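Residue-level listing of the chains:
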Amino acid sequence: DQRPDLVVLDMGLPIINGEEVARRLNAHFDDPPPIVVVSADGRAGERAARIGAASFLHKPFDVDDLAQIVRTTLGRQ
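Below you will find a few notes about this structure. (Residues numbered from 1 in each chain as written. Predicted model: local features only at pLDDT ≥ 70, side-chain atom pairs only at ≥ 80, totals over all residues. Heavy atoms only, no water.)

This next bit is on the packing of helix α1 (residues 18-28) against helix α2 (residues 44-51). Two elements in contact, α1 and α2, have axes separated by 10 Å at closest approach and are oriented at 25°. The angle between the axes of α1 and α2 places the two elements in the roughly parallel class. Seen along the crossing, α1 lies across α2 with a hand that is right-handed. Mapping the contact onto sequence places Glu19, Ala22 and Asn26 in α1 and Arg47, Arg50 and Ile51 in α2. Of the residues contributing to the contact of α1 with α2, the split by class is two nonpolar, one polar and three charged. (Axes fitted to C-alpha atoms, helices over the stretch in contact; angles between N-to-C directions. Helix = DSSP H or I, 4+ residues; strand = E, 2+ residues; numbered from the N terminus. Parallel < 35°, antiparallel > 145°, perpendicular 65-115°, else oblique. Left-handed = near helix turned anticlockwise from the far one by under 90°. Contact = heavy atoms within 4.5 Å. Nonpolar A, V, L, I, M, F, W, Y, C, P; charged D, E, K, R; others polar.)

Okay, structure coming up:
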């Protein structure tokens with residue numbers, strides 16, 4: 001029930017897809033957390049935009065790139 005500061009969301013989850021996770025987060029929280037999408041799909045940017053994600057990374061990605069996106073998204077550059 002506690003709102004996370006940020007969600008790193010893999011769009012290719014095996015049981016529930018990333019779009020459904022985003023929908024549930026948006027429905028559950030009045031102020032939903034920002035989402036950073038990670039995906040090996042070549043359309044990661046399109047999928048991220050469709051769910052209103054703050055940013056996205058293509059897999060595989062460098063952990064330093066992820067850390068920078070998280071800092072930027074949280075306003076902690």
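Now for the pairing of strand β1 (residues 7-10). The alternating pattern of β1 places Val7 and Leu9 on a buried face, while none of Val8 and Asp10, on the opposite face, is buried. Bridge count for β1 against strand β2 (residues 35-39) is four bridges, and the pairing is parallel. Residue pairing across strands places Val8 opposite Val36, the latter belonging to β2. At this point the chain moves from β1, through α1, to the parallel β2, and the crossover so formed is right-handed. (Buried < 20%, exposed > 50% of the residue type's maximum accessible area, 1.4 Å probe, protein only. Pairing = 2+ DSSP bridges. Right-handed = clockwise from strand over helix to strand, strands pointing away.)

On to the side chain of Arg47. As for its placement among the helices and strands, Arg47 is situated in helix α2. Side chain to side chain, Arg47 and Asp41 meet in a polar contact 3.5 Å long. Beyond its immediate chain neighbours, meaning those up to four positions away, Arg47 contacts Met11, Glu19, Ser39 and Asp41. (Polar contact = N/O pair within 3.5 Å; in protein donor to acceptor, adjacent residues only side chain to side chain.)

It is worth spelling out the nonpolar core at this point. Counting twelve residues, the largest nonpolar core is built from Val7, Leu9, Met11, Val21, Ala22, Leu25, Phe29, Ile35, Val37, Ala48, Ile51 and Ala53. Of all the elements in the fold, those that place two or more residues in this core are β1, α1, β2 and α2. With three residues, the top contributor of residues to this core is α1. Sequence-distant contacts of Ala22, that is, excluding residues within four places in its chain, are made with Leu9, Ile35 and Ile51. Counting six residues, the second-largest nonpolar core is a separate cluster that includes Leu6, Val36, Leu66 and Ile69. (Core = buried A, V, L, I, M, F, W, Y, C linked by side-chain atoms within 4.5 Å.)

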